[in-house]
Amino acid sequence: MEDYGRFLALLVSALLVGFVSVIFSLVWVLHYREGLSWDGSLREFNWHPVLIITGFIFIHGIGIIVYRLPWTWKCSKFLMKLIHAGLNTIAMIFAIVALVAVFDYHNAMNIPNMYSLHSWIGLAAVIFYSLQLFLGFAIFLLPFAPVTVRAAFRPIHIYSGLTIFATVIATALMGITEKLIFSLKNPAYSASPPEATFVNCLGVLLLVFGIFILWMVSRPQWRRPPEVNAKVLQPFGETPEGTKGESTVTDGSDGVKSDLKVSSEAARKQNLKLDEAGQRSTM
């Protein structure tokens, strides 16, 4: 990998910032906001920011960069797809439970639902994320979609995934600001009490985490190289790009040439089977 040291430093920084963000969210609700429970009270609402930050932002971000980890490049692409899909499924579960918590609290307290911009964009992000997850499973994991369909959908999948991730972070920043404005009365949010300063720092951490993740996935030199998959069943005497390489056989006997042709043809057929099974798609 090119610039491996820089990538490793950025990865460690992103994981550290994300983990500290999760800790900050727990400190916020446990120290400043009455704690956690599931009883329709404010303590149930407090699950909302904790689950969104932990699942929909932190785990979601890890799922995005899992393909960039160079020590996973020796693993099969299908295994990495399963890990990617698994992390995103966990993030989806966290997001759904977070929505249930806030709707349950609003209904118990007779507070109107879906009146703020935060709620509009947040619900839209969850809906589009669900669609993204479903299409990802159907096209990239199940062996029914043709390779041409996967290749056409891949850039859409990547762009929409990154857009949803950035939208989630922006929505979280709106949400924590909205919560502080509604909750802090004496002293008010504008007076910058300790809770306001603490949660503002949490917002900065979320923004920095998002910047780190988006920077890592946007660097072409840190992408998983396609040759890792291609050379496992590469026909003998050919380069990963499919061009003929120089043969090391020097005697030129017809029997050896025939064996090489059979081996090459068998490898091509096996590669074709892998393409049909979805093992070599570049999600």
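Fair warning: this is a prediction, and the values are worked out from it, not measured in the lab.

The next subject is the overall build of the chain. Assigned secondary structure in the chain consists of 9 helices and 0 strands. Counting all 283 residues of the chain, 41% fall into the buried class. Counting only contacts in the chain whose residues sit at least 6 apart along the sequence, the fraction spanning at least 24 positions is 74%. For the chain, the accessible area works out to roughly 15,100 Å², and carbon and sulfur atoms hold 69% of it.

Once that is clear, we can look at the nonpolar core. If you look at the biggest cluster of nonpolar residues, it comprises 49 residues, and the most contacted ones within it are Trp28, Phe56, Ile57, Ile65, Phe209, Ile213 and Met216. Residue assignment for this core shows that the elements contributing at least two residues are helix H1 (4–32), helix H3 (47–65), helix H4 (77–108), helix H5 (117–141), helix H6 (147–183) and helix H7 (194–218). A total of 10 residues in this core trace back to one element, the largest contributor, which is H7. The residues touching Phe56, leaving out its near neighbours within four places in the chain, are Leu51, Ala91, Ala95, Ala125, Val126, Tyr129 and Val168.

This part covers the packing of aromatic side chains. Counted under the stated rule, the structure contains 8 aromatic pairs. Judged by centre distance (5.7 Å) and plane angle (40°), the rings of Tyr32 and Phe198 are tilted. Of the two residues, Tyr32 is situated in helix H1 and Phe198 in helix H7; the sequence distance between them amounts to 166 residues. Judged by its relative accessible area of 26%, Tyr32 is partly exposed.

Backbone phi values are negative for most residues with the exception of glycine, while trans is the configuration of most peptide bonds. A cis amide bond links Asn186 with the next residue in sequence, Pro187, at an omega value of 5°. Looking at the element boundaries, Pro187 is found in the loop between H6 and H7. Phi is positive for Glu34, which is not a glycine, with a value near 80°. Within the secondary structure layout, Glu34 lies in the loop between H1 and helix H2 (42–45). A relative accessible area of 54% means that Glu34 is categorised as exposed.

Put simply, the chain has an average pLDDT of 84, and 80% of its residues get 70 or more. Overall, residues 228–264 carries pLDDT values under 50, and its contacts beyond four positions in sequence, including any with other chains, amount to 32 contacts. Counted against residues more than four places away or in other chains, residues 271–283, with its pLDDT under 50, gives 30 contacts.

Turning next to the pattern of salt bridges. Applying the stated criterion across every chain, the model contains 2 salt bridges. Between Glu195 and Arg33 there is a salt bridge, and its shortest N-O distance comes to 2.9 Å. With Glu195 in helix H7 and Arg33 in the loop between H1 and H2, this pair connects stretches of sequence that are 162 residues apart. Judged by relative accessible area, which is 7%, Glu195 ranks as buried. Across the salt bridge formed by Asp39 and Arg43, the nearest N and O atoms sit 3.0 Å from each other.

We now examine the packing of H3 against H4. Geometrically, a packed helix pair is captured by the angle between its two axes and the distance between the axes. At a minimum axis distance of 8 Å, the contact between H3 and H4 shows a crossing angle of 165°. As judged from the angle between their axes, H3 and H4 are roughly antiparallel. Viewed along their axes, H3 and H4 form a crossing whose handedness is left-handed. Across from Trp47, His48, Leu51, Ile52, Thr54, Gly55, Phe56, Ile59, His60, Ile62, Gly63 and Ile64 in H3, the residues of H4 making contact are His84, Leu87, Asn88, Ile90, Ala91, Phe94, Ala95, Val97, Ala98, Leu99, Ala101 and Val102.

Direction vectors running N to C along H6 and H7 enclose 175°, while the axes themselves pass 10 Å from each other. Here H7 runs roughly antiparallel to H6, going by the angle between their axes. Of H7, the residues touching H6 (which contributes Leu162, Phe165, Ala166, Ile169, Ala172, Leu173, Ile176 and Leu180) are Glu195, Ala196, Val199, Asn200, Gly203, Leu206, Leu207, Phe209, Gly210, Ile213, Leu214 and Val217.

Bringing the side chain of His60 into the picture now. With respect to the helices and strands, the residue His60 is situated in helix H3. Here His60 falls in the buried class, since its relative accessible area comes to 2%. There is a polar contact of 3.1 Å between the side chain of His60 and the backbone oxygen of Phe56. The residues contacting His60, other than those within four sequence positions of it, are Gly55, Asn88, Ala91, Tyr129, Gly161, Ile164 and Phe165.

What counts, and at which threshold
- Residues numbered from 1 in each chain as written.
- Predicted model: local features only at pLDDT ≥ 70, side-chain atom pairs only at ≥ 80, totals over all residues.
- Heavy atoms only, no water.
- Helix = DSSP H or I, 4+ residues; strand = E, 2+ residues; numbered from the N terminus.
- Buried < 20%, exposed > 50% of the residue type's maximum accessible area, 1.4 Å probe, protein only.
- Contact = heavy atoms within 4.5 Å.
- Areas by Shrake-Rupley, 256 points an atom, 1.4 Å probe, with all protein chains shown as cover.
- Core = buried A, V, L, I, M, F, W, Y, C linked by side-chain atoms within 4.5 Å.
- Phe/Tyr/Trp six-rings, centres within 6.5 Å; stacked < 30°, edge-to-face > 60°.
- pLDDT = per-residue confidence, 0-100.
- Salt bridge = Lys/Arg side-chain N within 4 Å of Asp/Glu carboxyl O.
- Axes fitted to C-alpha atoms, helices over the stretch in contact; angles between N-to-C directions.
- Parallel < 35°, antiparallel > 145°, perpendicular 65-115°, else oblique.
- Left-handed = near helix turned anticlockwise from the far one by under 90°.
- Polar contact = N/O pair within 3.5 Å; in protein donor to acceptor, adjacent residues only side chain to side chain.

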